[in-house]
Amino acid sequence: MHQGSGVLSPRQRRLAWLGFLLAALQAPVSAWLVADESWLFSLCVALMVAVVIIADDAARRRPADATGD
């Protein structure tokens with residue numbers, strides 16, 4: 001049984017992981033340095049990128065001959 005192809009190319013997948021890590025690391029640093037709640041934006045961006053990575057994982061694990069709903 002063949003694995004399905006993901007939503008992201010391998011290069012886009014690496015960049016998504018890099019973006020997730022950078023945004024996730026920036027959030028606590030900016031929360032410590034800045035008095036307002038602008039660090040929440042970094043957290044939201046990291047969560048949105050994580051959702052895309054999880055969706056790509058799910059698409060890759062689906063068999064290639066399975067059809068979408």
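Keep in mind it's a predicted model, so treat the numbers as computed, not measured.

K.L.:
Can you help me understand the UniProt feature "transmembrane region" (unreviewed entry) in the protein chain in this one?
P.N.:
Cross-referencing UniProt, the feature "transmembrane region" (unreviewed entry) maps to residues 15-33 and 39-55 in the present numbering. Secondary structure content for residues 15-33 is 100% helix and 0% strand, while the C-alpha to C-alpha distance between its ends is 26 Å. A helix fraction of 100% and a strand fraction of 0% characterise residues 39-55, whose end C-alpha atoms lie 25 Å from each other.

K.L.:
Please clarify how the packing of aromatic side chains should be interpreted in this entry.
P.N.:
Geometry of an aromatic ring pair is reported as the spacing of the ring centres plus the angle between the planes. If you walk through the whole model with that rule in mind, you get one aromatic pair. A centroid spacing of 6.0 Å and a plane angle of 85° characterise the contact between Trp17 and Phe20, whose relative ring orientation is edge-to-face. Here the residue Trp17 and the residue Phe20 both occupy positions in helix α1 (residues 10-33), the gap between them amounting to three residues, near one helical turn.

K.L.:
Whenever I open this one, helix α2 (residues 39-61) confuses me. Can you help?
P.N.:
Helical geometry: 3.6 residues make up each α-helical turn, so side chains three or four residues apart lie on a common side. Between the first and last C-alpha of α2 there are 34 Å, a value that for 23 residues agrees with the 33 Å anticipated at 1.5 Å per step. Looking only at α2, the buried set comprises Ser42, Ala46, Ala50, Ile53, Asp56 and Ala59. Looking at the buried positions of α2, the neighbouring elements they touch are α1.

K.L.:
What exactly am I supposed to notice about the pattern of salt bridges here?
P.N.:
Where charged atoms of side chains with opposite charge meet at close range, the side chains can pair. By the definition in use, this model includes three salt bridges. Here Arg13 and Asp57 are joined by a salt bridge, their closest N and O atoms 2.4 Å apart. Residue Arg13 is found in helix α1, and its partner Asp57 is found in helix α2; the two are separated by 44 residues along the sequence. A salt bridge links Arg60 to Asp56; the shortest N-O distance between them is 2.8 Å. Of this pair, Arg60 and Asp56 both sit in helix α2, four residues apart, which is roughly one turn of that helix. For Arg60, a relative accessible area of 25% translates into the label partly exposed. One continuous salt-bridge network, built from bridges that share partners, spans Arg13, Asp56, Asp57 and Arg60.

What counts, and where the lines are drawn
- Residues numbered from 1 in each chain as written.
- Predicted model: local features only at pLDDT ≥ 70, side-chain atom pairs only at ≥ 80, totals over all residues.
- Heavy atoms only, no water.
- UniProt positions renumbered as here; feature names shortened; annotations may be inferred.
- Helix = DSSP H or I, 4+ residues; strand = E, 2+ residues; numbered from the N terminus.
- Phe/Tyr/Trp six-rings, centres within 6.5 Å; stacked < 30°, edge-to-face > 60°.
- Expected span 1.5 Å × (residues − 1).
- Buried < 20%, exposed > 50% of the residue type's maximum accessible area, 1.4 Å probe, protein only.
- Contact = heavy atoms within 4.5 Å.
- Salt bridge = Lys/Arg side-chain N within 4 Å of Asp/Glu carboxyl O.

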